[in-house]
There are 4 protein chains.
Amino acid sequence: MVTAAVAGASGYAGGEILRLLLAHPDVEIGALTAGSSAGSRLGDHHPSLFSLAERPVLATNADALAGHDVVFLALPHGQSAALAAQLDADVVVIDCGADFRLERESDWQRFYDTPYAGSWAYGMPELVSKGVKRREQLRGARRVAVPGCYPTAVSLALAPLAAASLIALDDVVVVASSGVSGAGKGLKPHLLGAEVMGSMSPYGVGGGHRHTPEIAQNLRLAAGGEREVTLSFTPTLAPMPRGILATSTARLAPGTTADDVARAFAEAYADEPFVELLAAGSWPATGSVLGSNVVTLQFALDEVAGRVVVTSAVDNLTKGTAGAAVQSMNLSLGLGETTGLPLAGVSP
Amino acid sequence: MVTAAVAGASGYAGGEILRLLLAHPDVEIGALTAGSSAGSRLGDHHPSLFSLAERPVLATNADALAGHDVVFLALPHGQSAALAAQLDADVVVIDCGADFRLERESDWQRFYDTPYAGSWAYGMPELVSKGVKRREQLRGARRVAVPGCYPTAVSLALAPLAAASLIALDDVVVVASSGVSGAGKGLKPHLLGAEVMGSMSPYGVGGGHRHTPEIAQNLRLAAGGEREVTLSFTPTLAPMPRGILATSTARLAPGTTADDVARAFAEAYADEPFVELLAAGSWPATGSVLGSNVVTLQFALDEVAGRVVVTSAVDNLTKGTAGAAVQSMNLSLGLGETTGLPLAGVSP
Amino acid sequence: MVTAAVAGASGYAGGEILRLLLAHPDVEIGALTAGSSAGSRLGDHHPSLFSLAERPVLATNADALAGHDVVFLALPHGQSAALAAQLDADVVVIDCGADFRLERESDWQRFYDTPYAGSWAYGMPELVSKGVKRREQLRGARRVAVPGCYPTAVSLALAPLAAASLIALDDVVVVASSGVSGAGKGLKPHLLGAEVMGSMSPYGVGGGHRHTPEIAQNLRLAAGGEREVTLSFTPTLAPMPRGILATSTARLAPGTTADDVARAFAEAYADEPFVELLAAGSWPATGSVLGSNVVTLQFALDEVAGRVVVTSAVDNLTKGTAGAAVQSMNLSLGLGETTGLPLAGVSP
Amino acid sequence: MVTAAVAGASGYAGGEILRLLLAHPDVEIGALTAGSSAGSRLGDHHPSLFSLAERPVLATNADALAGHDVVFLALPHGQSAALAAQLDADVVVIDCGADFRLERESDWQRFYDTPYAGSWAYGMPELVSKGVKRREQLRGARRVAVPGCYPTAVSLALAPLAAASLIALDDVVVVASSGVSGAGKGLKPHLLGAEVMGSMSPYGVGGGHRHTPEIAQNLRLAAGGEREVTLSFTPTLAPMPRGILATSTARLAPGTTADDVARAFAEAYADEPFVELLAAGSWPATGSVLGSNVVTLQFALDEVAGRVVVTSAVDNLTKGTAGAAVQSMNLSLGLGETTGLPLAGVSP
C-alpha cells in the first residue's frame, strides 16, 4: 500500500486527485493540506468526497507532507519549486502546476515572473518526444511535471502528425474551449454561475495564455526538436463545468493524404489505453469523456484550405490534470498504468 | 466471474448499468440487446463506453439473454413481465422498469394500462419496511424490482420518520426536480437542448405521475402497513443532465423535536454506506452525488408551519436506477454490497 | 419625458431596470449610483448595456439622486429607509428592497435585524388585497415597495383562490426554484459557475427565507385579512441564470371543483396584460417568460390528496423585480401600464 | 402600418422574427404559415409569444402569403426559390434561407443539391463590399437574402481588415461555437438536452459546413473581389440555447500594427448602431448580446504567430437571423433602420 499526500487539497485539481485516489486499490490517502483553507474540514470544500468529509485540512508545508510515498502538489503556479526542494529526494513528487513543465528558461521567463526552476519528467505518457514516448521517462521517476489541460488536448492531437512530418509547424492554429472549472475556484465576478451559464467568451487572446509555450514545446520535440513551432492559440470559456474541446489545425505537407494521417494516428495510439481514435463519422464530445482519463480524437482533411483539422476532447480535471497525475504515479511506482483510472465517461 | 446481459442497452438506464459493470471486478458483460436499435453497434448509443463501442446490439428476446448469471432489464414500462417469464428461474433478473414494484393490483391499475404482473423483491436495501430493511429480502433473491428514481429520493427521506411515527401520513407534500435524462431518450420537442437549457417546468401535476403510488407504498410499509398515505407529488424538469433534488414535507406528530428526527435518521442510516446524513449547515446538492450511488439527506423543522422538511439528492441514473440495480445484484449473489459502486461524486 | 435615477445600478436588479428603461419611450436615464462600485463605468458591470457603457457610476447618496422625477432603489435590504427619508416627498421612489414590503412590524422583526421602517404601496398591481387590486393603491403613489421575486410567483398563484375561499390557509406548502441571478452578484464559492451548473440544492429550508412573511401577508390580505396563513416555503437554487418556477399547493375547501378554480383565476386575471392563464395541457416554463414581464399560471386538482397545485413561472429579474418596478412607475406617473415592458419571452 | 406574413413560423427563426415584429411599432403581423405544423396553433410551437398563442398556423403557399407588404421566409434551405417566384414582385420578400446568398453558381453547386436560384440583395447592412456598404443595396430592395448566422459573426470580424489590405486572404482560419438553437428544431438524438448540456462537440469539420462559401464570398468582396479567399472553418456546438462566438484569425500583412487594425475597425463601424467595438480589456461574450441585434468585436495581435485574432459574438437568432431580417425590412421600406430592434442584451 502506497501512502499519498495532497497539497492544495481544497482546490478543484486537488479534489479530483482525491476522487481518483479513493478508487485506487493501492493507495492510502494521507495528509491533506492547503493554503488559506488550512484549519477547515475537507467536506467544506469537496462535498462530493463523502468519506473524507471530516478529514482536517492542514497547512501546506514540508513537515505536513513528510512521511508519504507520494506527494501530489496542486498549487498555484510558481509555488511548487520551493516546496518540492524541501521534500525528500526519494519521495515521488507529482506537480500539477506549471513550474517544471518548460524545458527552456526563455519560455518560462516570457510567461511567468518567478525564477525558472528547471524541468521534470513530463507526465504525458502517450506523447512522442524525439522518437520516444514520454512514458519511458516516467517509469521510476521521482519528480513528475503534470501537463497543462490545454496542452494535453492539443499535443496529443498534433504530435503524431508532427512526428511523421505530415504537417508544417510554422502556422499551427488552435482554438479550444474549456469548462469553467479550468479557471479554478477563485472568486471572480465573471466566473459566477449567472455570468457563465448561456455565455461563451474568449480570454488570453493573441498568444498570451501560458499554455502556449508548452504546446509549442511538445510539438517541437515531437517533430524531433530541430524546428521551431509557430502557434496561434486562443482559449475560450464554455458554459459547462468540465471538459476541453480543442480544434487544432495545421497546413499539410505536400502530398499528404487522409490515409497518411490515419496511419500516423494508428501507429501512435493503437495500443494506448487512454487515447480513443473515434470511428469514421464520430466526433469528440466533452460529455463523453466526463470523469474519465480518456482523450478522444478525430480529424478531417480540408483539401480546399490545405489543412488538417484535428479535434480532441478531454476532461480538464481528469486526463487534463488529476488523471495524468495518477497515471504518472502508477508509472513512477511500477503499478499498473491504468489502475484506478476510469476508462468510461459519465454520460449523459 | 459472473456474466451479465443487459436488455435495453441503448437507453440511458442501460448505458449507466454498463458503465458500472465495466468497473465491477466480478462481472463480465455478455449480451447487449435493444428494441428498435437492434443491429447497431453500442458505440452509436453510448459514445462514452469506449471499450464496448464495437459490441453488437442484438434484438431483445429470451434466446439472446439466455446463458447469463444475471439479466438486467431496462425496458419501457410494461414490457418486462412477458420477457421475464421466459427467463430461467435460476437466473437473477433485475428489472429497472415499473412492472414489479407495486404490491397492490389496484395501484397498478390506476396508473398503468397493462395487466398487473405481481411484485418482486424491492431493490432499495436501505428502506425500512414493516420494521425490517428491504436488504434482507434481497439476499439471494432471483427476481428484483429496482425502485423508481423519484421514489428513491423521497422514500429514503421520509421512511425513518414514518417508521418512528414522527410524522402524519395524511398530508405528505413532495416537490422534486429531475435532470432531463430522467425523461429518457425519446425524441420529443420539449426535450431538445434549446428548450430545456435555462428553463424549468412541471409535469404530471395533480397526482398523475406514476411514481406516486410507489412512494405512498414505501411510506405506508415503513409505518407498519396499517395506515394509508395521502401524498401530493409534483415533479419538475430541471436544466441539468442528471440528478434529483426532492423536497419532502409532512406535518410533525405533536411534541416531535429536531433531536427526535435526527435520532430517527441516525438509527436508520448510520451504518448505511450509501446514505449520507449531512453535517449541520450542509444541504444536499445534486452535483455532489453525480455518478455516485449515494443519497444525501438533510432536514429542518419549521416550527411555525408545524412541518418537517427533508431534502434529498440522488443521481437519477446511478442510485436512482443503475446503481440500485447493481447493488441489488451484489446482494442477490452474495457479493460485497458496495462492490463496483462509486462512493464519491464527480464534482464539480 | 421623465428622468429616472437608479441607485444600486451595478447589481443585477439595477441592470435589469436599466435594460427596461432604455426601451421605455417616456423615460430618460439620469444618475447611476452604487456603493463599492462607485467610480467605475457602468460597462464594467453590465457589458450588455452598450449605450450606457461609458456612463460613470456615482456614489449613492441623496445629492446624486436629487433632481429626478423617479428614483429606483436597488439596494441591499435595510439600506433603503435611511436614503429614502432624504429624498424629496414629490419624487417617485420605487424601492426594490424589502424595507417597505411588510405591514406588520412583528413580521419584520422576526426576519430582519434593522429597525422597522413602515410599509409603502405594494407594487403588484394584479394582486387582490381585501377585495381590491393593488393597482388602485399604486396610481399616483410617490412611494412604492416592489415585491420580492418569490412572492410574485407564489402570491399571484394562490391569491385568487384565497380571495374566493376555495383553499384552506392553514397548510399552504410552496416549493420554488430560482435561477442563480436571484442570489445576486456576491462573490460566494457556491455561486461559482462550476458549482451551480448541473446542480440543484435547497436553501433557507424550514421557514427561514425572508420572503416567507411577505407571501403569508399577501395571502392573508387576499382572503380578507382576518385569517392567519400557515406557510411552509422551501426555495431551491436551479442551474439557470434567470427564472422562478413555483409549485404552490393548498388543501381545497370542501366541494371545490376544477371549474371553481378556473373561474376564480379567470375573474382575477382575464383582463390582466401580464398574467397568462395557460391553455389546458400547457404548463409554465421559466424559459417562456425570459426577459418578459409576464407570469404564467396553470393548475391541477389532486382529488386523492385533496389539494390544488398551482404552478407559476416568472423571470425573477423582470416581472420578479425590475419589470414590477417599471410597471409601478407607469401607474404612479399615469403612463400606460404596459409601456416599455416586454410582453413576449426571449425563447429558446 | 405595414403588414407582414411569416412562412416557417413554427421554427426558431420564425419565432424570433415574430418576437421582434411584436415589438415593432410599424408592423402588423398577418398570416403565419408552416409545413408539417399547418393546422396547429402558434402557441403549440412558441409558448413565449403569448399574444399570438391562438393564431392558426396555415399551410405555406403563395395564396396564404398574398396580400401582405412583407413576407418573411424562414424555410429549410432550397425551398424559398420556388415559393418566392410565386409572390408579387412588389412585395418585399426577406428570405432567411440560403437560397439567394451565394453569387457564384459554382459555390452553390458544391454545397447544395438543388438548382442554383441566383442571388438577392444581401442583408448585412454593415458589411463593406467592393468599397460600399451593403446597406446601399438594401434601401428599397424588394428581395433580400438574410445572411447565415456564422457568416454574420465572421464576416463583420474580418471584412474591415480585408478591405484595408491588412490581412492575407490565403490562410484564414475560423473556429466558431454556436448555441444549439442554431441546429433548429429537428428531432435528432444528439440535440436532446441530456446530450448537449455539459458537452461541446465539433461538426462539419474539414470545410464541409455550408456557411464556408458565404464567408469566403464576403471576405473576397470586402477585399475588392479580385483575390480568392482560402478559409478553414470549423463550427462547434456549445451547451447554450443561443449565441455564436467566433474566433477568426488571419496572417497580418507585413508591417501592420495594432493601431492600423483599430483604425480599420473604427472607420468601418464607428457609426454603426449594431456593431460594438469593445473597450480595451473587454472581450465579446454571447451572454451580453442575448436577444439583441448587436455584434460585439475585439481583437488582439499575436506578434509571435504573425496573426491577428478577432473575436466576435452575436445572438444567432437575432442579429444572426431574425434581427438582420427586420433590419433589412426597415431599410427596404424606408423605416428607421433600428426601429423595433433591441440594442441591449438580456443579461445575465
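This is a predicted model, so every value here is computed, not measured. (Residues numbered from 1 in each chain as written. Chains lettered and ligands numbered in written order. Predicted model: local features only at pLDDT ≥ 70, side-chain atom pairs only at ≥ 80, totals over all residues. Heavy atoms only, no water.)

*Asks:* Would you mind showing me how to read helix α8 (residues 212-222) of chain B here?
*Replies:* Each turn of an α-helix holds 3.6 residues, which means side chains three or four residues apart point in the same direction. Residues and elements named next belong to chain B. Among the eleven residues of α8, eleven are classified as buried, and the element is accordingly described as predominantly covered. Listed in full, the buried residues belonging to α8 are Thr-212, Pro-213, Glu-214, Ile-215, Ala-216, Gln-217, Asn-218, Leu-219, Arg-220, Leu-221 and Ala-222. Those residues of α8 that are buried are in contact with α4 (105-111), β6 (121-122), β7 (128-129), α6 (149-163), β10 (172-178) and β12 (231-237). In the stretch just after α8, Gly-224 is the one whose phi turns positive, near 115 degrees. (Buried < 20%, exposed > 50% of the residue type's maximum accessible area, 1.4 Å probe, protein only. Helix = DSSP H or I, 4+ residues; strand = E, 2+ residues; numbered from the N terminus. Contact = heavy atoms within 4.5 Å.)

*Asks:* Hey, could you run me through the relation of the copies chain D and chain C in this one?
*Replies:* Mapping one chain copy onto the other needs a rotation about an axis and a shift along that axis. Turning chain D through 180 degrees and shifting it by 0.0 Å along the axis lays it on chain C, with an RMSD of 0.0 Å. Such a combination of rotation and displacement between the chain copies is what one expects of a two-fold axis. Looking at the rotation axis and the C-alpha trace of chain D, the residue lying nearest is Gly198(D), at 3.9 Å. In this assembly the copies share their binding face: 100% of the residues contributing to the interface of chain D also contribute to that of chain C. (Least-squares fit on C-alpha atoms with pLDDT ≥ 70 in both.)

*Asks:* Explanation requested: the packing of aromatic side chains in the structure shown.
*Replies:* Think of a pair of aromatic rings as described by two things: how far the centres are apart, and how the planes are tilted against each other in angle. Following the criterion strictly, the structure yields 24 aromatic pairs over all chains and no others. Their ring planes at 15 degrees and their centres at 4.0 Å tell us that Trp108(A) and Tyr112(A) sit as a pair that is stacked. Exposure class is identical for Trp108(A) and Tyr112(A). Each is buried. Grouping aromatic residues by their ring pairs yields a cluster made of Trp108(A), Tyr112(A) and Tyr116(A). Positioned above the aromatic ring of Trp120(B), the side-chain terminus of Arg143(B) is 5.9 Å from the ring centre. (Phe/Tyr/Trp six-rings, centres within 6.5 Å; stacked < 30°, edge-to-face > 60°. Lys NZ or Arg CZ within 6 Å of the ring centre and 35° of its normal.)

*Asks:* Mind showing me how you'd approach the relation of the copies chain D and chain A here?
*Replies:* Rotating chain D by 180 degrees about the axis while translating it 0.0 Å along that axis superimposes it on chain A, leaving an RMSD of 0.0 Å. Interface residue correspondence from chain D to chain A reaches 100%, placing this contact among same-surface, isologous pairings.

*Asks:* Explain the interface of chain D and chain C to me, please; I cannot follow it from the model alone.
*Replies:* Often the size quoted for an interface is simply the accessible area lost on bringing the parts together. Taken together, the contact pairs 26 residues of chain D with 26 residues of chain C. Each partner contributes to the roughly 2000 Å² buried at the junction of chain D and chain C, and carbon and sulfur atoms together form 67% of this total. When residues of chain D are sorted by the area they lose upon contact with chain C, Phe50(D), Val346(D) and Pro348(D) head the list and together hold 35% of the total. Our count for the contact surface shared by chain D and chain C stands at zero salt bridges. Between the two partners, chain D and chain C, sit six residue pairs in polar contact (both at pLDDT 80 or more). (Buried area = accessible area lost by both parts, 1.4 Å probe. Salt bridge = Lys/Arg side-chain N within 4 Å of Asp/Glu carboxyl O. Polar contact = N/O pair within 3.5 Å; in protein donor to acceptor, adjacent residues only side chain to side chain.)

*Asks:* Where do I start with the layout of surface pockets in this structure?
*Replies:* In this approach the atoms are scanned with a rolling probe the size of a water molecule, which exposes any empty space left behind. Estimated volume of the second largest pocket: approximately 1000 Å³. In terms of lining residues, the second largest pocket is bounded by 37 residues, among which Ala23(A), Pro342(A), Ala23(B), Gly340(B) and Pro342(B) are the most central. Elements with a contribution of two residues or more to the lining of the second largest pocket: α1 (12-22) of chain A together with α1 (12-22) of chain B. Its residues assigned to classes, the lining of the second largest pocket comprises 23 nonpolar, ten polar and four charged. (1 Å grid on protein atoms, 1.4 Å probe; cavity = no way out; pocket = protein on both sides within 12 Å on 5 of 7 lines; lining within 4 Å. Points joined across faces, edges and corners; volume = space filled by probe spheres on them. Nonpolar A, V, L, I, M, F, W, Y, C, P; charged D, E, K, R; others polar.)

*Asks:* Quick question: what am I supposed to make of the interface of chain D and chain A here?
*Replies:* Between chain D and chain A, the residue contacts involve 42 residues of the former and 42 residues of the latter. When chain D packs against chain A, the two sides together hide about 3200 Å² of surface, and 66% of this comes from carbon and sulfur. Counting the surface chain D buries against chain A, the share from its top three residues, Met200(D), Pro202(D) and Val205(D), is 16%. For the pair chain D and chain A, the interface holds four salt bridges. For the salt bridge of Asp171(A) with Arg307(D), the shortest nitrogen-to-oxygen distance reads 2.9 Å. Where chain D touches chain A, the interface holds eight residue pairs in polar contact (both at pLDDT 80 or more). When its residues are assigned to classes, the side of chain D that touches chain A shows 20 nonpolar, 15 polar and seven charged.

*Asks:* Just to check I follow, could you spell out the sheet that holds strand β16 (residues 307-314) of chain B for this structure?
*Replies:* Adjacent strands of a sheet form backbone hydrogen bonds with each other and so pair up, either parallel or antiparallel. Residues and elements named next belong to chain B. Strand order in the open sheet formed by seven strands is β11-β12-β10-β13-β16-β15-β14, and the pairing between neighbours is mixed. Each edge of the sheet is formed by a strand with only one pairing partner; in this case those strands are β11 (201-202) and β14 (275-277). Against the sheet, α6 makes contact with β10, β12, β13 (244-251), β15 (295-302) and β16, and its axis sits at roughly 140 degrees relative to β16, the strand it touches most. Strands β14, β15 and β16 of the sheet are contacted by helix α9 (residues 258-269), whose axis makes an angle of about 165 degrees with β15. (Pairing = 2+ DSSP bridges. Axes fitted to C-alpha atoms, helices over the stretch in contact; angles between N-to-C directions.)

*Asks:* Help me understand the domain arrangement of chain A, please; the structure alone is not making it clear to me.
*Replies:* All names here are of chain A. Domains assigned within chain A are domain 1 (2-119) and domain 2 (150-314). Taken over C-alpha atoms, the centre of domain 1 sits 26 Å from the centre of domain 2. The partner domain 2 presents 17 residues to the 15 residues of domain 1 that form the contact. Summed over both sides, the interface of domain 1 with domain 2 buries roughly 1400 Å², with 46% coming from carbon and sulfur. Contact with domain 2 buries area across many residues of domain 1, yet Tyr-12, Arg-104 and Phe-111 alone supply 43% of it, more than any other trio. Across the contact surface, domain 1 and domain 2 share three salt bridges. Across the pair Glu-16 and Arg-242 runs a salt bridge whose closest N-O atoms are separated by 2.6 Å. Our enumeration of links across domain 1 and domain 2 arrives at nine residue pairs in polar contact (both at pLDDT 80 or more). (Domains from an automatic or database assignment.)

*Asks:* I'm lost on the packing of helix α6 (residues 149-163) of chain C against helix α8 (residues 212-222) of chain C in this one. Help?
*Replies:* The relative placement of two packed helices is expressed as an angle between their axes plus a distance between the axes. Residues and elements named next belong to chain C. At a minimum axis separation of 8 Å, α6 and α8 run at an interaxial angle of 25 degrees. Relative to α8, the element α6 lies roughly parallel. The chirality of how α6 crosses α8 is right-handed. Residues Pro-151, Val-154, Ser-155, Leu-158, Ala-159, Ala-162 and Ala-163 of α6 lie in contact with α8, whose contacting residues are Glu-214, Ile-215, Asn-218, Leu-219 and Ala-222. Grouping the constituent residues of the contact of α6 with α8 by class yields nine nonpolar, two polar and one charged. (Parallel < 35°, antiparallel > 145°, perpendicular 65-115°, else oblique. Left-handed = near helix turned anticlockwise from the far one by under 90°.)

*Asks:* Teacher, can you tell me more about the sheet that holds strand β16 (residues 307-314) of chain D here?
*Replies:* All names here are of chain D. A sheet is described by the order of its strands in space; here seven strands give the open sequence β11-β12-β10-β13-β16-β15-β14, paired in mixed fashion. Two strands bound the open sheet, and with one partner strand each, they are β11 (201-202) and β14 (275-277). By the bridge criterion, seven bridges tie strand β10 (residues 172-178) to strand β12 (residues 231-237) in an arrangement that is parallel. What sits directly across from Val-174, in β12, is Phe-233. Across the sheet, helix α9 (residues 258-269) is in contact with β14, β15 (295-302) and β16; its angle to β15 comes to roughly 165 degrees.

*Asks:* What is the right way to look at the UniProt feature "active site" (unreviewed entry) in chain A in this model?
*Replies:* Per the UniProt record, "active site" (unreviewed entry) is annotated on Cys149(A). If you trace the backbone, Cys149(A) turns up in helix α6 (residues 149-163). (UniProt positions renumbered as here; feature names shortened; annotations may be inferred.)

*Asks:* When you look at the environment of Ser106(C) in this model, what are you seeing that I'm missing?
*Replies:* Along the chain, Ser106(C) turns up in helix α4 (residues 105-111). Along the sequence, Ser106(C) and Tyr116(C) sit ten residues apart, while their C-alpha atoms lie 8.8 Å from each other.

*Asks:* Would you take a moment to explain the pattern of salt bridges for this structure?
*Replies:* Think of it this way: side chains of opposite charge can pair up when their charged atoms draw near. All told, the structure shown has 80 salt bridges over all chains when counted by the stated rule. Of the charged contacts, one joins Asp171(A) and Arg251(A) as a salt bridge, the two residues approaching to 3.1 Å between their closest N and O atoms. With Asp171(A) in the loop between α6 and β10 (172-178) and Arg251(A) in strand β13 (residues 244-251), this pair connects stretches of sequence that are 80 residues apart. Residue Arg251(A) is classed as partly exposed on the basis of its relative accessible area, which comes to 26%. Note that Arg135(B) is salt-bridged to Glu337(B), the shortest N-O span being 2.8 Å.

*Asks:* Explain the state of the cysteines here, please?
*Replies:* Cysteine pairs can be covalently joined through their sulfur atoms, and such a bond is termed a disulfide. Going through the model one piece at a time under the given rule, you end up with zero disulfides over all chains. Cys149(B) takes part in no disulfide bond, and the closest cysteine sulfur, belonging to Cys96(B), lies 11 Å away. (Disulfide = S-S within 2.5 Å.)

*Asks:* Explain the packing of α6(B) against α9(B) to me, please; I cannot follow it from the model alone.
*Replies:* Residues and elements named next belong to chain B. For the pair α6 and α9, the least separation of the axes is 9 Å and the interaxial angle reads 110 degrees. By the angle class used here, α6 and α9 are roughly perpendicular. By crossing handedness, the relation of α6 to α9 is classed as right-handed. Between α6, through Leu-156, Ala-157, Pro-160 and Leu-161, and α9, the contact on the second element is made entirely by Val-261, Ala-264, Phe-265, Ala-268 and Tyr-269. Grouping the constituent residues of the contact of α6 with α9 by class yields nine nonpolar, no polar and no charged.

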